[in-house]
Amino acid sequence: MSDMIALKDVTKSFMSDRSIKGADGRAHWFTAVEPTSLSIQQGEIFGLMGYSGAGKSTLLRLINMLERPDSGQVIIDGTDLTTLSASDLRVARHNIGMIFQQFNLMSNRTVFDNVAFNLTVSGYPSRDIHKRVMECLAIVDLTDRASHYPAQLSGGQKQRVGIARAIAPSPKVLLADEPTSALDPATTRSLLTCLRDINEQLGVTIVIVTHEMSVIRRLCHRAALLHQGQLLEVADVRDGSIQAATLIGQGLVQED
């Protein structure tokens, strides 16, 4: 199986809050991602796990170049995104869907229009938008909510709209940044089932950020453990080589 995502020695640093200064009275840089290389296979569900500050969300944002790496390469389906112009990068991002922690829906637009907006900006043929939106809402079991507004939805339904919006342009990669953190356990299980079904039906590669071991075990094929910007290990979840009890005991991940 070929690699869909390849990160090669990517790094990322940020300037610290200017209100927090060192002994010399000046703001300093901190490294969010140490030199990291990682390969994710086509059709794989891959987890990035670790507590807050581990660097997992920054690493996720490097994959779609919402954060540009200070050094290294980000290769998606054979294309090095770090070499692209701004216009070419916008086109390349059509192959990368994003699911956000806080849903990021437009409150003044219906469920249908939230999903359709993503198709419009990606240049999808206008004559086909209605059909495609309803197809995506059917995948997440929300066709009966097409005319509703976000305020009329539960948290789980809002996140399903976010998923439908993300898959609408038929991306090859789906990135999910803590998509279950605002949901109760039952809704979380339902959402993970939805993501697994999408992976199986559409063959889309999924990368999910989480600090919960249960999310990793229920959904992922493999997972990477990050701590303080460093990639500590990559483990196969399916063969039991990931040592949940050890990681939880060390305070590197959380059990629900």
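Residues numbered from 1 in each chain as written. Predicted model: local features only at pLDDT ≥ 70, side-chain atom pairs only at ≥ 80, totals over all residues. Heavy atoms only, no water.

Trainee: Looking at this model, I keep getting lost on the overall build of the chain. Mind explaining?
Mentor: In terms of helices and strands, the chain carries eight helices and 10 strands. Of all 256 residues assigned to the chain, the portion counted as buried reaches 48%. Counting contacts in the chain only where the partners sit at least 6 residues apart, residues at least 24 apart contribute 70% of the total. As displayed, the chain has an accessible area near 12,100 Å², and 46% of this comes from carbon and sulfur atoms. (Helix = DSSP H or I, 4+ residues; strand = E, 2+ residues; numbered from the N terminus. Buried < 20%, exposed > 50% of the residue type's maximum accessible area, 1.4 Å probe, protein only. Contact = heavy atoms within 4.5 Å. Areas by Shrake-Rupley, 256 points an atom, 1.4 Å probe, with all protein chains shown as cover.)

Trainee: Honestly, the sheet that holds strand β9 (residues 222-227) in this entry has me stumped. Any pointers?
Mentor: In a beta sheet, neighbouring strands are held together by backbone hydrogen bonds and run either parallel or antiparallel to one another. Strand order in the open sheet made by the six strands is β6-β7-β8-β3-β9-β10, with mixed pairing throughout. Looking along the sheet, the strands with just one partner apiece sit at the ends: β6 (96-99) and β10 (230-236). Averaged over neighbouring strand pairs, the angle between their axes works out to 20 degrees when direction is ignored. The strands touched by helix α1 (residues 56-63) are β3 (45-49), β6, β7 (173-177), β8 (205-210) and β9; relative to β8, the strand with the most contacts, the crossing angle is about 155 degrees. With respect to the sheet, helix α5 (residues 155-167) is in contact with β6 and β7, its orientation differing from that of β6 by roughly 170 degrees. (Pairing = 2+ DSSP bridges. Axes fitted to C-alpha atoms, helices over the stretch in contact; angles between N-to-C directions.)

Trainee: Help me out: how do you make sense of the nonpolar core in this one?
Mentor: Grouped burial of nonpolar side chains is what soluble globular proteins tend to show. Grouped together as the largest cluster of nonpolar side chains are 43 residues, with contacts concentrated most on Val 133, Leu 137, Ile 163 and Leu 174. Setting aside anything within four residues of it in sequence, one finds Leu 137 in contact with Val 111, Val 115, Leu 142, Thr 143, Ala 146 and Ala 164. (Core = buried A, V, L, I, M, F, W, Y, C linked by side-chain atoms within 4.5 Å.)

Trainee: I would appreciate a short explanation of the environment of Glu 178 in the present structure.
Mentor: Note on placement: Glu 178 falls in the loop between β7 and α6 (185-202). Classification of Glu 178 as buried rests on a relative accessible area of 8%. In this structure, the C-alpha to C-alpha distance between Glu 178 and His 211, residues 33 residues apart in sequence, is 7.9 Å. Non-local contacts of Glu 178, meaning those with residues more than four positions away in its chain, are made with Lys 56, Gln 101, Val 209, Thr 210 and His 211.

Trainee: How should unusual backbone geometry be read in this particular structure?
Mentor: In most cases, non-glycine residues show a negative phi, while peptide bonds are predominantly trans. With a phi close to 65 degrees, Met 65 is a non-glycine residue in the positive phi region. Its relative accessible area of 6% is what places Met 65 among the buried residues.

None of this, on its own, says anything about what the molecule does.
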